[in-house]
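Now for the letters of each chain:
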Amino acid sequence: MIKGLYVLTFFGVALFNINAVHSSIRPITSRTILDCLQQDEGELDVDMNNIEADKYEDVQQHFFQQHLDHFASSSDANRGQDIFEQRFFYTDRYVQEAESSPVYSFLCVGGEGPSMDKSVLVDSAHCSGDMVELAKKLYNEENASVHMFALEHRYYGESYPHLPNEIHGSAVANRNLQYLSSRQAIRDISLFVSSISVENHDLLRDSFHFLPLLRNQHAAKGINENSEESVKWVTFGGSYPGMVAAWSRLLHPSLIHASVSNSAPVQAQLDFEGYNDVVASDLSYEAIGGSKECRSIVEDGHAMLGEALSSSISNEQHRESISDMFNVCGGAKSLEKKKNVDTFIGTGVIYIPSQSNDPSCKGKLCNIEDVSYAILSRRVLYIISFWTIRRFCPT
């Protein structure tokens, strides 16, 4: 049985989706892999920290005074009056010089990922794909004006609430984590959209430190007007931000005209296997370099692991071999707990770059084609060096 498990040695390092795994697993980032590759191969062609400033010269950074608690009761005056500075970004890159119709305001919803910077409205992991490309298309082909905004999620980056300690204590104290919720984030969006859209520009400047962003009269067309000239707000997001984007449209249809929500699990489901089913399908998708044989090897390998660690046949020899193979924190003893075994195998023990798949990438195992080739060709020496990066660390 253990000898059969060594099919997994052809797979490579296991990376985990940070949104789906147990908190006890320590995921490694792309930066970790890049650092490892740099040690082996010298400097990479692309310096990730040296991006030309003029690429973002049209993107403005501003701050908006946001309510800390949108649900404070009328009897709790202190909570209702507390505010924090919420950061947002804006560009008029795709706003026509002359007034045009239709007019849109696209809002990138923050959350789940690195804190925002000016790249969010140019080239980033947040909304730069569908949102920016759609804005460009509408601008060029429909003569439309598209104002692009990105609102940083509360508690992220520079949108961290700094509360008066004598009243609240730390923002991350247990009693204050009620302010870090999707319900509060949805209300953040509604207040932001309402305030940006009001006709009184002086109010925006004076109360919200909002510079005169709009170069024409688009902002004066209130979004609550029932006219074809109203500015239409569209929220964008993926995964958790996609959930917030969709819920904002659902709960505030008078403010949000539409929502583009990608890979958003708006219906919470325990032990959600559907995600990994989609990831597995990438391994057999020939258009991106996968194959049915590759997927079959991966499925068989996971099945072998599951069988070897099942409570009915699992023994110390099995656990020792597997813990050594996958560099498990705590050794074989940690695999005696069913919870740890379920987390280890259930989240996947190999790295499948399904979300970041890039056919042009230059790193090792950075796309589905490379992973599939490595598995099928049994290039053990090519992959074995990655093992030292990854550790499965159960509690």
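Our structure's up above, just so we're on the same page.
Given the structure is predicted, the values throughout are model-derived calculations rather than measurements.

Thresholds, definitions, all that
Residues numbered from 1 in each chain as written. Predicted model: local features only at pLDDT ≥ 70, side-chain atom pairs only at ≥ 80, totals over all residues. Heavy atoms only, no water. Core = buried A, V, L, I, M, F, W, Y, C linked by side-chain atoms within 4.5 Å. Buried < 20%, exposed > 50% of the residue type's maximum accessible area, 1.4 Å probe, protein only. Pairing = 2+ DSSP bridges. Helix = DSSP H or I, 4+ residues; strand = E, 2+ residues; numbered from the N terminus. Axes fitted to C-alpha atoms, helices over the stretch in contact; angles between N-to-C directions. Contact = heavy atoms within 4.5 Å. Parallel < 35°, antiparallel > 145°, perpendicular 65-115°, else oblique. Nonpolar A, V, L, I, M, F, W, Y, C, P; charged D, E, K, R; others polar. Polar contact = N/O pair within 3.5 Å; in protein donor to acceptor, adjacent residues only side chain to side chain. Salt bridge = Lys/Arg side-chain N within 4 Å of Asp/Glu carboxyl O. Arc of directions from axis to C-beta. Disulfide = S-S within 2.5 Å. Phe/Tyr/Trp six-rings, centres within 6.5 Å; stacked < 30°, edge-to-face > 60°.

Regarding the nonpolar core
Among the nonpolar cores identified, the biggest contains 24 residues, and Leu309, Ile322, Phe326, Phe344 and Ile375 are the most heavily contacted of them. The next biggest cluster of nonpolar side chains, apart from the first, holds 23 residues, and it includes Phe64, Val103, Val193 and Tyr240.

Focus on the sheet that holds strand S6 (residues 258-262)
Pairing in this open sheet of 6 strands is mixed, and the strands run S1-S2-S4-S3-S5-S6 from one edge to the other. The sheet is open, and its two borders are formed by strand S1 (60-67) and S6, each paired with just one other strand. Across the sheet, the mean angle separating the axes of adjacent strands is 25° when strand polarity is ignored. With 7 bridges joining them, strand S3 (residues 103-109) and strand S4 (residues 145-151) adopt parallel strand pairing. Across the sheet, residue Val109 finds its bridge partner in S4, namely Leu151. Seen against the sheet, helix H7 (residues 240-251) touches S3, strand S5 (232-238) and S6 and runs at an angle of roughly 150° to S5.

A closer look at the packing of helix H8 (residues 274-283) against helix H9 (residues 292-308)
Look at H8 against H9: their axes get within 7 Å of each other, and the N-to-C directions meet at 135°. Taken as axis vectors, H8 and H9 run oblique relative to one another. Side by side, H8 and H9 meet where Ala280, Ser281 and Leu283 of the first sit next to Cys294, Arg295 and Val298 of the second. Each residue belonging to the contact of H8 with H9 can be placed in one class, and the counts come to 4 nonpolar, 1 polar and 1 charged.

Let's talk about unusual backbone geometry
Notably, Glu112 is not glycine yet its phi reads approximately 50°, a positive angle. Among the secondary structure elements, Glu112 is positioned in the loop between S3 and helix H4 (130-141). The partly exposed category is assigned to Glu112, whose relative accessible area is 25%. Located in the positive-phi region is Ser239, a residue other than glycine, with phi close to 65°. Of note, Ser239 is situated in the loop between S5 and H7.

Regarding the side chain of Arg87
Assignment of secondary structure puts Arg87 in strand S2 (residues 83-94). Classification of Arg87 by relative accessible area gives buried; the value is 5%. Only 2.7 Å separates the side chain of Arg87 from the backbone oxygen of Met116, close enough to count as a polar contact. Within the local environment of Arg87, its side chain forms a polar contact with the side chain of Glu158, the two groups lying 3.2 Å apart.

Here's the deal with the pattern of salt bridges
Counted according to the given criterion, the structure contains 10 salt bridges. The closest approach of N and O atoms between Asp58 and Arg93, which form a salt bridge, is 2.8 Å. Here the residue Asp58 occupies a position in the loop between helix H2 (30-41) and S1, and Arg93 occupies one in strand S2, the gap between them amounting to 35 residues. Between Glu141 and Lys137 there is a salt bridge whose closest N-O contact spans 3.1 Å.

Structural notes on H8
What H8 keeps buried is the set Val279, Ala280, Asp282 and Leu283. The arc enclosing the buried residues of H8, seen along the axis, measures out at 145°, which places them on a common side. Buried-residue contacts for H8 involve H9 and helix H12 (368-377).

Describing the state of the cysteines
In this structure the tally under the stated criterion is 2 disulfides. Disulfide partner of Cys361: Cys366, at an S-S distance of 1.8 Å. Here the disulfide of Cys361 and Cys366 is right-handed, its torsion about the S-S bond being about 90°. Overall, Cys361 belongs to the partly exposed group, its relative accessible area being 22%.

Things to note about the packing of aromatic side chains
Per the counting criterion, the structure on display carries 12 aromatic pairs. Measuring from ring centre to ring centre gives 6.5 Å for Phe88 and Phe149, while their planes differ by 40°; the resulting arrangement is tilted. Within this pair, whereas Phe88 is found in strand S2, its partner Phe149 is found in strand S4, the two being separated by 61 residues in sequence. The buried category is assigned to Phe88, whose relative accessible area is 0%. The interplanar angle of 70° and the centroid separation of 5.7 Å between the aromatic rings of Tyr155 and Tyr160 together place this pair among those described as edge-to-face.

Some thoughts on the environment of Glu57
One can find Glu57 in the loop between H2 and S1. A residue is classified by how much of its surface remains accessible, and Glu57, at 67% relative accessible area, is exposed. Between the C-alpha atom of Glu57 and that of Thr91, which follows or precedes it by 34 residues, the distance is 9.3 Å.

A closer look at H12
Of the residues making up H12, those classed as buried are Ile368, Val371, Ser372, Ala374 and Ile375. The arc that holds the buried residues of H12, viewed along the axis, is 160°, so those residues lie on one side. One side-chain oxygen of the residue at the start of H12 lies 3.2 Å from the amide nitrogen of Glu369, identifying that residue as Asn367.

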